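Spelled out, the chains give:
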Amino acid sequence: MVVLSKPNTEKYTYVRNSKPAPIFLSNIPLVDLSKPDAKSLIVKACEDFGFFKVVNHGVPMDAITRLEYEAANFFSLPLHEKHKAGPANPFGYGNKHIGRNGDTGWVEYLLLNTNQDFNSLKLSPVSENNPEKFRSALNEYITAVRKMAREILDLMAEGLNIQPKNVFSRLVTDKQSDSVFRLNHYPPCPELAMNGVKEDPTENKIGFGEHTDPQIIALLRSNNTSGLQISLRDGTWVSVPPDQSSFFVNVGDSLQVMTNGRFKSVKHRVLANQFKSRLSMIYFAGPPLNQKIAPLPSLILTGKESLYKEFTWFEYKTSAYGTRLADNRLCHFERIAAS
Ligand code: GA4
């Protein structure tokens, strides 16, 4: 049996929910990739929420289970063994510190470049950890999830009625695509009870602070522990009921730009759970570094203007990585409307 490592109990950020009990979003847009209405549902969901849930996604359940097992083994290693994977600067193991600008969360993680050769990833053959099995599970999962990303992006282009069909997907299937894979482990947070927070369900500890993803889309799968929340257009935070057999898709900033703001990148965060550990796997589909990102001319409606300046993904990424999690990253690339 895998026992996930015990967290320590340092002080971390708490947030007070705007409503007394967590609001669960029961009507999360649900897209069945095998159904003909998938493309129109995806477009609607990206316009309304920048977020949707996917079933019949085509990622084999055993690839998911295998990676989850290997990841749980990894996170159950003693801290000094996990640190052997190298610091998450930019790729490797990270603990409580997120990014380079002072953000913290109740989380440990492994951040990987999907183009890297996982043989270079230093993993220890300790107890139930088998580095070879971990590497092959990563490769198998990432290959399957990249295929799903391609399908979803093709459906978006079809749903938007724009040509060519692969206008979005070619950016993430390119050999040079700068995509990232992240395994997040949120240990249970006993401190929530120790602080008397148990009596106050409006207070929560932050696992991963609010942010939007800079890339095109992100595909997230987690175990059955809750914690993920998305922000609605009016700023209300709603909890997303976990579903270990489905995927959740986030629109990223780059897609917001390419659609000239028609699709919105979704602000999201993860709250720590008092009792259960949460394990999530996220594939951030990004374009090649030299790719120019700008509103697609076919999506600038007649009489409307381009809302964003053109930039390369390298420029955006460099700027984004210099920000704090909760910062608005797109504002630096907005065009000032002509008066
Ligand atoms: C958010 C999405 C991905 O997890 C990530 C994150 C990155 C990091 O963890 O290093 C960033 C964050 C993310 C956006 C702003 C910067 C960079 C932490 C941070 C404070 C890997 C990514 O690409 O951007």
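Computed from a predicted model, the values in this text were never measured in an experiment.

Colleague: Sorry if this is basic, but what is going on with the sheet that holds strand 2 (residues 30-32) here?
Modeller: Hydrogen bonding along the main chain pairs the strands of a sheet, whether they run parallel or antiparallel. With respect to topology, eight strands assemble into an open sheet ordered 2-3-11-8-13-6-5-4, the strand pairing being mixed. Each of the sheet's edge strands pairs with one partner strand only, and the pair in question is strand 2 and strand 4 (92-98). Mean inter-strand twist for the sheet, computed between neighbouring axes without regard to direction, equals 25°. Bridge analysis of strand 6 (residues 180-186) against strand 13 (residues 278-285) gives seven bridges, and the strand direction is antiparallel. Each residue of the ladder has a partner; that of Tyr-186, found in strand 13, is Arg-278. Sitting on the sheet, helix 1 (residues 38-48) touches strand 2, strand 3 (51-55) and strand 11 (247-251), and the angle it makes with strand 2 is about 155°.

Colleague: How should I be thinking about the pairing of strand 12 (residues 268-271) in this particular structure?
Modeller: Residues in a regular strand project their side chains so that they alternate between the two faces of the sheet. Residues His-268 and Val-270 point to one face of strand 12 and Arg-269 and Leu-271 to the other, with burial holding for every one of them. Where strand 9 (residues 228-231) and strand 12 come together, three bridges link them in antiparallel fashion. Looking across to strand 12, one finds that Leu-228 is bridged to Val-270.

Colleague: Looking at this model, I keep getting lost on the packing of aromatic side chains. Mind explaining?
Modeller: For the structure on display, the rule yields ten aromatic pairs. Residues Tyr-141 and Phe-181 carry aromatic rings whose centres are separated by 5.5 Å and whose planes lie at 50° to one another, so their mutual orientation is tilted. Here Tyr-141, found in helix 4 (residues 131-160), pairs with Phe-181, found in strand 6; they are 40 residues apart in sequence, far enough to count as distant. For the pair formed by Tyr-141 and Phe-181, the shared burial category is buried. Pairing Tyr-316 with Phe-333 gives two aromatic rings, centres 5.1 Å apart and planes at 65°, and the pair type is edge-to-face. Remark: Phe-333 occurs in the segment after helix 8 (313-320) and Tyr-316 occurs in helix 8; sequence separation between them is 17 residues. The class of Phe-333 is buried, set by a relative accessible area of 12%. In textbook terms, an aromatic cluster arises when at least three aromatic residues are bridged by ring pairs, as seen for Phe-74, Phe-75, Tyr-93 and Phe-134.

Thresholds, definitions, all that
Residues numbered from 1 in each chain as written. Predicted model: local features only at pLDDT ≥ 70, side-chain atom pairs only at ≥ 80, totals over all residues. Heavy atoms only, no water. Pairing = 2+ DSSP bridges. Helix = DSSP H or I, 4+ residues; strand = E, 2+ residues; numbered from the N terminus. Axes fitted to C-alpha atoms, helices over the stretch in contact; angles between N-to-C directions. Contact = heavy atoms within 4.5 Å. Buried < 20%, exposed > 50% of the residue type's maximum accessible area, 1.4 Å probe, protein only. Phe/Tyr/Trp six-rings, centres within 6.5 Å; stacked < 30°, edge-to-face > 60°.

From the geometry alone we can't say anything about function, so treat these as descriptive.
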